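# Per-entry structural report
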Amino acid sequence: MTTRASGFSSDAKSSLFLGTDRFTIRPFSSPRDKANLNELCKDLWGGRDYVPSMAGAYEQDPTCDFVLMECDTTGEMVAVGNRRTLSSDEEGRSAIFVEAIRVSSKHQGRGIGTSFMRHLCGASRDSGAKEILACTASEVMRNIFAKEGVEMVHFNSAQFPDTDTLKELPGWSAACDADDEGRTENILKALKLEHLVGDEARMEKWEPVESERELMSLLGTLRNRGLMGHMPGLGGVMLISDDLRNSMERGLVRKLCDTDGEPRALLALVKGSWLRTLRTNYVCSVVARSPHDFDSAVWEACKSDHVDLIDGNPAFCILFDQSIPSNPNSLLRMIPMGFSYDYYRWEDAN
């Protein structure tokens, strides 16, 4: 039996019963399970579900435990899901992100989603997790998170960028022509929002975050101040990845602090893989304590010397959670955002 860096076994199996039916939960294995995964996901998100394309990455990533649930009688795959280790403290206790939960449409309403989530959360707690996080835009999953044995509570929300609006801006669409590419402007200029950023916000002093350890420390401090404690990502949280490390090395992960060193805001300009309709894959994730700090973060990200480091393309979108207070005329309200998704958390009380 092999133990992954996530703390989970790479070849462990377990069983559970629903009524008289027995189900096995085991690691996903390519290419054996690929066709069944495609079948399970073919009708989800209008046939554009990202999970089949990510299965190989989940399977190979040592921080992940990508598992499936199948019926012992029929051999049919009825659910899949991934547990990802986000971080570990000095005592080896981890923060786990539960993601990519999918249940076959043919088997919904049988309690499979609830049983599967109980298993994933229980296995995470048994491995010593100090925190379990999840994110969803599904009402079904919101109900599951409240069930006994899952017991995750809602603590924040965010919105996916409105790519339909953004791709209409000159030079922002992945399908734009050469003439439009030359007219591309950053989000503040393209939407004529520069006037909403005050002089003080423009003059704030931002500095690079030097290491993963420093980033986690800053996020921990912000969490103690009532913020999420993670950088928001596309439909989830921004992961410690090679893309994030690459941005950090180039000074594209930045901090705004008080004179006493207390963090007020963080920004990370990082490549994302989901925005296929936009010309750039970069997103700017922002955590901020106030609307002023948020305005300053967006202004900082749009500076030409930072844009030069992301291939000179300023057409990146902004990600932020809803813990930042706002008013009707604030920059927060003017950036086009799409559907909402909610963050849920379980924490060890000890």
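Note: the structure precedes this text.
Residues numbered from 1 in each chain as written. Predicted model: local features only at pLDDT ≥ 70, side-chain atom pairs only at ≥ 80, totals over all residues. Heavy atoms only, no water.

## Focus on the pattern of salt bridges
Test applied: We count a salt bridge whenever a side-chain nitrogen from Lys or Arg sits within 4 Å of a carboxyl oxygen from Asp or Glu. The secondary structure listing takes helices from DSSP runs of H or I that are at least 4 residues long and strands from runs of E that are at least 2 residues long, numbered from the N terminus. Using a 1.4 Å probe on the protein chains alone, a residue whose accessible area is under 20% of its type maximum counts as buried, one over 50% counts as exposed, and one in between counts as partly exposed.
The final tally for this structure, using the stated rule, is 27 salt bridges. Salt-bridge contacts for R84 lead to E99; the nearest nitrogen and oxygen are separated by 2.8 Å. Taken together, the positions of R84 in strand β4 (residues 77-88) and E99 in strand β5 (residues 94-103) put the pair 15 residues apart, joining distant regions of the chain. Residue R223 pairs with E131 through a salt bridge whose shortest N-O separation is 2.8 Å. Here E131 lies in strand β6 (residues 131-136) and R223 lies in helix α9 (residues 212-224), a separation of 92 residues in the sequence. Taking relative accessible area as the criterion, R223 reaches 25% and is therefore assigned partly exposed. Among the residues examined, E131 registers a relative accessible area of 4% and is labelled buried. The network of salt bridges with common partners includes E204, D258, R264, R289 and D293.

## Here's the deal with α9
Put simply, the rule is: Expected span, for any helix, means 1.5 Å times one less than how many residues it has. Here the arc refers to the directions that run from the helix axis out to each C-beta atom. When checking whether two residues touch, look at their non-hydrogen atoms; a contact exists if any pair is within 4.5 Å.
Taking 1.5 Å per residue, 13 residues should reach 18 Å; α9 reaches 18 Å between its end C-alpha atoms and fits that length. Those residues of α9 that fall on the buried side of the exposure criterion are E214, L215, L218, L219 and L222. The arc enclosing the buried residues of α9, seen along the axis, measures out at 135°, which places them on a common side. Summarising the geometry of α9, the exposed residues directed more than 90 degrees from the buried face are R213 and N224. At its buried positions, α9 is contacted by β8 (207-208), α10 (242-249), β11 (253-257), β12 (263-271) and β13 (282-288). Once α9 ends, the next one or two residues include G226, with phi positive near 100°.

## Here we look at the packing of aromatic side chains
Short version of the rule: In summary, the pairing rule links any two rings of Phe, Tyr or Trp, Trp by its six-membered ring, whose centres are within 6.5 Å, and it sorts them by plane angle into stacked for under 30 degrees, edge-to-face for over 60 and tilted for everything else. Criterion for a charge above a ring: Arg CZ or Lys NZ at most 6 Å from the ring centre, at most 35 degrees from the ring normal.
Applying the stated criterion across every chain yields a total of seven aromatic pairs. An angle of 65° between the planes, with centres 5.8 Å apart, marks the rings of Y341 and Y343 as edge-to-face. Taking relative accessible area as the criterion, Y343 reaches 2% and is therefore assigned buried. By the ring-pair criterion, three or more aromatic residues cluster together here, those being F28, Y58 and F66. For R125, the ring lying beneath its charged end belongs to W346, and the centroid distance is 4.5 Å. Lying across the ring of F155, R345 places its NZ or CZ 3.8 Å from the centre.

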